[in-house]
Structures are given as C-alpha cells and as structure tokens.
Amino acid sequence: MKAVSAALIRLTLIALPLATPVKAETNDAAKLRVDAAALFMPIATPVAPQDSVSVQRLELGRRLFFENRVSMDGNISCAFCHLPDKQASDGLPKSIGVFGKENPRNAPSVFNAALNFKQHWRGDRESLEEQAEKALLGPASFGNPDAATAMGKLKAIPAYAAAFKNAFPDEAEPINSKNWGRAIAAYERTLLTPSKFDAFLSGDTAALTSKEQAGLRQFIDLGCVGCHNGAGVGGGSFQKFGVQSDYWKETGVAVPDKGRADVTKNDADLYVFKVAGLRNAAQTAPYFHDGSVADLNKAVRIMAKTQLGETLSDADVAALVAFLGALTGKVPANYAAPDPYPDAQERK
Ligand code: HEC
Ligand code: HEC
C-alpha cells in the first residue's frame, strides 16, 4: 500500500511539469486529430474541369437539375425537393412531388451524395446516374409514363439540341435519358461542401471549438464512428436501424418501414437502411428515412439508444450536436438556377 502511494506520488511529480493546462489542451487536440484522421477523410471543393466537353456537360447538368418542364405537371425539378436554401433537402418529413403526390420517404441532401456507396435510404439506386434517370419516371417525383415522354418535353425546348450536342459530341441522338443521368451526375459530383471539420482533419486543430472537439471525442468513443465514418461521415454501409431496440418505439411511428428487406425480399435486411451521411445534418431536419424526428438533439438520443444501447446526458447530447454543427459547409456557388431556356415560339 505504502509502496503504491510512493510510486503514485513519484509519478505525479514526474507528470507535473507536463500537465500545464495549455499544453494538455494542445496535446488533446493533436491526439484527437490523429484519431479522427484514421476514421474520416477530409473533402475539398472539386477543381473545375478545363476541357470544353466537361465544362458543357456540367453546365447542362446544372440546367437540367433546375428544369421543371420535364415533369408531367410542369412544376417539378430536382431542385423542387432539393432546395438551395434548405441545404439541398426540403424540410418536409416526406417529399411532395408531381400533382401533389407524397413520397414514401424523406429527401436527403444531394450535397456530398457523390460520396455515398449507393443512393437512397434503402440503397435501391446503384449510382447517381441511375438515381437521376429513374426520377424521371417516379410516380411521386416527375411522373412521366416512360423516358421517351420525358425526353420529348426536352426536345420541345429548342436550345437543348445544341446543349446536349456540345456535352455529348460523339452521339448522333444525344437527347436521351442516359445522358440526362450522366450530365446531372457530373454536376452532382461538384456539390461537395467542405466544413470546419475538414480544416481540423487537415491539420488546423484550432478550427474546432473545445465543445465541438468534445463532441468529436464522444462521437469516436461512444462508437458512432462504427457506422458513421469515411469522407461522408456515413453513407458507406448498410446497417440495421434498431440494433439494440426497435426504432419505431423511439421515433413513435405507427407503421415501420421495413427498409432494405422490401428491396431484397431477404429477412436479414429487415429494418436495414443505408447509414446516413451526417455532413450538413444540422441543416437538414427533419431526421431519419421517414422524417419522423424534427429535432437533432432527439435524433442523437435515439441513435445512441437504438444503435448503441446508451442513454446520453444532456451535456453529451449538446457536445455531439455541436460537433455535427461543425459538419455544415457552404452552399456551393453553382447550386443556383441558370436563366431558363425559352419555350419554343408558337408558329404564326
Ligand atoms: C418530389 C421530390 C423529389 C424530386 C423531384 C427529386 N428528389 Fe431526390 N430525393 C427525394 C427523396 C424523397 C429521396 C429519398 C428516396 C428514398 O430513399 O426512397 C431522394 C433521394 C435523392 C438522392 C439520394 C441521396 C442519398 O443520400 O441517398 C439523390 C442523389 C437525389 N435524390 C437527387 C435527385 C435528382 C438528381 C433529382 C432530379 C432528377 C431529384 N433528386 C428529384 C425527393 C425528390
Ligand atoms: C450501428 C450503426 C450506427 C451507429 C452506431 C450510429 N448510427 Fe446514426 N444512423 C445509422 C443509420 C442506419 C441511420 C439511418 C436511419 C434511418 O433509416 O433513418 C442513421 C442516422 C443518423 C442520423 C439521422 C441523419 C438524417 O439525416 O436523418 C443522425 C443524426 C445520426 N445517425 C447520428 C448518430 C450518432 C450521434 C451516433 C452515436 C451516438 C450514431 N448515429 C450511431 C447507423 C448508425
């Protein structure tokens, strides 16, 4: 007993000169950065392409993203549900599409969607290209009966002939739904939103406040990073929503979405969803695939309980939410509608 105390005292004495507050804080931040760099990857604004075909393809993609005349009621564009002033989501529990039809799920942000390993909550779209092409036919998105009908609407707008030709110069009939998907996907790949967290990961440990750092430490130590990791802080795997307890008992929904099981018809996929990417999460309420939770504090508590079996203190929740706030990036400058091409003139 005595020996232990003596050893402890000796240790304390040796440790003392190092334990000045400033130094400790710097060391903690440096260690946190090293730990975080092993789990996440910083992102940066993509470098704009220089060659004319890529430039024109991107510009076409942007134009198509904001084009509402391709929908059956003439009102719906991609941006109708992915709004610039809502960090590219729509603020609704479930999106409303063509002729006022409700979608079965909540609209995630398209910012950083390029980092996802699959698209949609249930991963039923393999790529950004496939996602954009299928939206043309979605009964609660654009509502076209077939791709030809959708493309007919674009062909009726004269300026698209040259725009598609310039973006896909090797093709005889470039206005087709495949190229619609390719142009929009190329544009979406530019929609990355670097944040303070990326500056921190890249070595600027002062980029995060001490509260945000405390939240990041919790995010790592609690085990959120087991699922939310990589460049997207999620978006890289499928996981059950409700590992420790049924999610709908926490979110309060009456009829739970079965998740990926409805896509694969495999019971092992019951209540399995793509792990949400958490970049910009502070700006994209309401939360979860069904938009059932309006408040980020509550969403964080539910995650800790259903995924990790943890009940968080108010201080833990506040720190985690502060960290999530540090994942908010700027709306990209090119996320804005160009002046629309004029309609065809009526024949005299
Ligand atoms: C009527 C509203 C609506 C319109 C119009 C719409 N979306 Fe979405 N978007 C959604 C909803 C809802 C989801 C989630 C669907 C799901 O997971 O079942 C989604 C999901 C996505 C995703 C996947 C994001 C992720 O994290 O998984 C991308 C990318 C996307 N949309 C891009 C587009 C593009 C491009 C267009 C235009 C071609 C478009 N959206 C049109 C509502 C809409
Ligand atoms: C076992 C995997 C797993 C763990 C651990 C986990 N999550 Fe999640 N998280 C998910 C999945 C899957 C979703 C999507 C759920 C759904 O279907 O809505 C999600 C969604 C979220 C959302 C909602 C995002 C949105 O845009 O709707 C937040 C916020 C979140 N997680 C934060 C956390 C935090 C904080 C922790 C740690 C306390 C955590 N998660 C731990 C798998 C996990």
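## Let's talk about the overall build of the protein chain
Reasoning step 1: Looking only at helices and strands, one finds 14 helices and two strands in the protein chain.
Reasoning step 2: C-alpha atoms of the protein chain, sized along the principal axes, occupy 105 × 50 × 30 Å.
Reasoning step 3: Expressed as a percentage of the 348 residues in the protein chain, the buried residues total 43%.
Reasoning step 4: Taking all contacts inside the protein chain whose residues are at least 6 apart in sequence as the whole, residues at least 24 apart take part in 70%.
Reasoning step 5: Counting only carbon and sulfur atoms, one obtains 57% of the accessible surface of the protein chain, whose full area is about 17500 Å².
Reasoning step 6: For the protein chain, the distance from the average site of its 39 positive side-chain charges to the average site of its 38 negative ones is 2 Å.

## Details of unusual backbone geometry
Reasoning step 1: Here the bond from Ala-285 into Pro-286 is cis, since omega is -10 degrees, no more than 30 degrees from zero.
Reasoning step 2: With respect to the secondary-structure elements, Pro-286 resides in the loop between strand S2 (272–274) and helix H13 (296–308).
Reasoning step 3: For Lys-265, which is not a glycine, the phi torsion comes out positive at approximately 60 degrees.
Reasoning step 4: Within the secondary structure, Lys-265 is located in the loop between helix H12 (261–264) and S2.

## Quick look at the coordination of the iron atom of ligand 1
The textbook angles at a metal center are 109.5 degrees for a tetrahedron of four donors and 90 or 180 degrees for an octahedron of six.
Reasoning step 1: When only protein atoms are considered, the iron atom of ligand 1 has one donor, His-82 (NE2), at a distance of 2.2 Å.
Reasoning step 2: Locating His-82 in the fold gives a position in the loop between helix H4 (78–81) and helix H5 (128–135).

## So, the coordination of the iron atom of ligand 2
Reasoning step 1: Of the protein atoms, only His-228 (NE2) and Met-303 (SD) coordinate the iron atom of ligand 2, at distances of 2.1 to 2.2 Å.
Reasoning step 2: Under the relative-accessibility criterion, His-228 is labelled buried at 10%.
Reasoning step 3: Classification of Met-303 as partly exposed rests on a relative accessible area of 24%.

## Points about helix H10 (residues 210–222)
Reasoning step 1: Its 13 residues give H10 an end-to-end C-alpha distance of 18 Å, which sits within 8% of 18 Å, the value for a rise of 1.5 Å per residue.
Reasoning step 2: For H10, the set of buried residues is Glu-212, Gln-213, Gly-215, Leu-216, Phe-219, Ile-220 and Leu-222.
Reasoning step 3: Just downstream of H10, Gly-223 is the residue with a positive phi angle, here 105 degrees.

## What about the site of ligand 1?
Reasoning step 1: Contacts to ligand 1 come from 30 residues, most closely from Cys-78, Cys-81, His-82, His-120 and Lys-274.
Reasoning step 2: Lys-274 is positioned such that a nitrogen or oxygen atom in its side chain is 2.5 Å from an oxygen atom of ligand 1.
Reasoning step 3: Among the elements that line the shell around ligand 1, the one with the most residues is H5, at four residues.

## Looking at the site of ligand 2
Reasoning step 1: The immediate surroundings of ligand 2 are formed by 22 residues, with Cys-224, Cys-227, His-228, His-289 and Met-303 found nearest.
Reasoning step 2: Residue His-228 places a side-chain N or O atom 2.9 Å away from a nitrogen atom belonging to ligand 2.
Reasoning step 3: Among the elements that line the shell around ligand 2, the one with the most residues is H13, at five residues.
Reasoning step 4: Here the shell around ligand 2 is composed, by residue class, of 16 nonpolar, five polar and one charged.

## Here's the deal with the nonpolar core
Most often, soluble globular proteins have nonpolar side chains that are buried together.
Reasoning step 1: Membership of the largest hydrophobic core comes to 38 residues, with the highest contact counts inside it found for Phe-40, Phe-197, Leu-216, Phe-219 and Leu-324.
Reasoning step 2: Elements represented by at least two residues in this core include exactly helix H2 (21–37), helix H9 (196–201), H10, helix H11 (247–251), H13 and helix H14 (314–325).
Reasoning step 3: By residue number, the principal contributor to this core is H13, which donates five residues.
Reasoning step 4: Among all residues touching Leu-324, those that are not within four sequence positions of it are Phe-219, Leu-278, Ala-282, Leu-296 and Val-300.
Reasoning step 5: Counting 31 residues, the second largest nonpolar core, distinct from the first, contains Cys-78, Val-110, Tyr-160 and Phe-164.

## So, the packing of helix H3 (residues 52–65) against helix H7 (residues 160–167)
Reasoning step 1: Close contact between H3 and H7 brings their axes to 8 Å; oriented N to C, the two are set at 135 degrees. With respect to each other, H3 and H7 are oriented oblique. Relative to H7, the crossing made by H3 is left-handed. Of H7, the residues touching H3 (which contributes Val-53, Gln-56, Arg-57, Leu-60, Arg-63 and Leu-64) are Tyr-160, Ala-163, Phe-164, Asn-166 and Ala-167.
Reasoning step 2: Here the contact of H3 with H7 is built from residues that sort into seven nonpolar, two polar and two charged.

Cut-offs used in this document
Residues numbered from 1 in each chain as written. Chains lettered and ligands numbered in written order. Predicted model: local features only at pLDDT ≥ 70, side-chain atom pairs only at ≥ 80, totals over all residues. Heavy atoms only, no water. Helix = DSSP H or I, 4+ residues; strand = E, 2+ residues; numbered from the N terminus. Buried < 20%, exposed > 50% of the residue type's maximum accessible area, 1.4 Å probe, protein only. Contact = heavy atoms within 4.5 Å. Areas by Shrake-Rupley, 256 points an atom, 1.4 Å probe, with all protein chains shown as cover. Lys, Arg positive; Asp, Glu negative; His and termini not counted. Charge placed at Lys NZ, Arg CZ, Asp CG, Glu CD. Donors = N, O, S within 2.8 Å, 3.2 Å for Na, K, Ca; no water. Expected span 1.5 Å × (residues − 1). Near = heavy atom within 4 Å. Polar contact = N/O pair within 3.5 Å; in protein donor to acceptor, adjacent residues only side chain to side chain. Nonpolar A, V, L, I, M, F, W, Y, C, P; charged D, E, K, R; others polar. Core = buried A, V, L, I, M, F, W, Y, C linked by side-chain atoms within 4.5 Å. Axes fitted to C-alpha atoms, helices over the stretch in contact; angles between N-to-C directions. Parallel < 35°, antiparallel > 145°, perpendicular 65-115°, else oblique. Left-handed = near helix turned anticlockwise from the far one by under 90°.

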